[in-house]
Amino acid sequence: MDLKQQLIDFGCSSEFVEIALMYSDFHLPEQEIETFIEYVEEVHAKVEAAEELKKMEKEIVDASSVFEEFNDNEEL
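Here's what I pulled together on the structure shown here.

Cut-off values and rules
Going along each chain's sequence as written, the residues are numbered from 1 onward. Confidence filtering applies because this is a predicted model: local features only for residues at pLDDT of at least 70, side-chain atom pairs given and counted only at 80 or more, and all residues used for totals across whole chains, interfaces and linings. No hydrogens and no water enter the side-chain calculation; it runs on all heavy atoms of the structure. Residues forming no salt bridge and having over 30% relative accessible area are the ones grouped into patches, like charges within 9 Å of each other and nonpolar side chains (Val, Leu, Ile, Met, Phe, Trp, Tyr) within 5 Å. Residue-level accessible areas treat just the shown protein chains as cover; the underlying method is Shrake-Rupley with a 1.4 Å probe. Throughout this description, the term salt bridge denotes a Lys or Arg side-chain nitrogen within 4 Å of a carboxyl oxygen of Asp or Glu. The charge count treats Lys and Arg as positive and Asp and Glu as negative. His and the chain ends do not count. For charged residues, the charge sits on one atom: NZ in Lys, CZ in Arg, CG in Asp, CD in Glu. Only DSSP runs of H or I covering at least 4 residues are called helices, and only runs of E covering at least 2 are called strands; the numbering of each starts at the N terminus. Nonpolar core, defined: a set of buried Ala, Val, Leu, Ile, Met, Phe, Trp, Tyr and Cys residues in which side-chain atoms within 4.5 Å join the residues together. A 1.4 Å probe rolled over the protein chains alone gives each residue an accessible area, and that area as a share of the maximum for its type sets the label: buried under 20%, exposed over 50%, partly exposed in between. By definition in these notes, contact holds between two residues if any of their heavy atoms fall within 4.5 Å.

### Comments concerning a negative patch on the surface
Okay, step 1: A surface patch of like charges, here negative, comprises Glu15, Glu18, Glu48, Glu51, Glu52 and Glu59.
Okay, step 2: Secondary structure elements with two or more residues in the negative patch: α2 (14-22) and α3 (33-74).
Okay, step 3: If one sorts the elements of the negative patch by residue count, α3 sits on top with four residues.
Okay, step 4: Tracing the chain through its elements places Glu18 in helix α2.

Following this line, the structure appears as structure tokens:
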């Protein structure tokens, strides 16, 4: 049985199956599906946290440039 079918049979949502398949290179056929699911949950949570941090850092940079523009206009 392929990985996708194992995830579906285990009761994973279609969204999770899609995410899990991105990590299929890390799945070992002899590994229990629950172990792989836990791995995907942990790793993907870290990826999402890193993406959120990157997004927040960009917002901080954008806000600082707006502040600089505001200060430049105040000098006029």
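### Here we look at the nonpolar core
The tendency in soluble globular proteins is for nonpolar side chains to be buried as a group.
Okay, step 1: Among the nonpolar cores identified, the biggest contains twelve residues, and these are Leu3, Leu7, Cys12, Phe16, Val17, Ile19, Ala20, Tyr23, Ile33, Phe36, Ile37 and Val40.
Okay, step 2: When residues of this core are traced back to their parent elements, those giving at least two are α1 (3-10), α2 and α3.
Okay, step 3: If near-sequence neighbours (up to four positions away) are discounted, Cys12 is found in contact with Leu7, Val17 and Ile37.

### Regarding the side chain of His27
Okay, step 1: For His27, the position within the fold is in the loop between α2 and α3.
Okay, step 2: Beyond its immediate stretch of four places on either side in the chain, His27 contacts Leu3, Gln6, Ile33 and Phe36.

So yeah, pure geometry; function would need other evidence.
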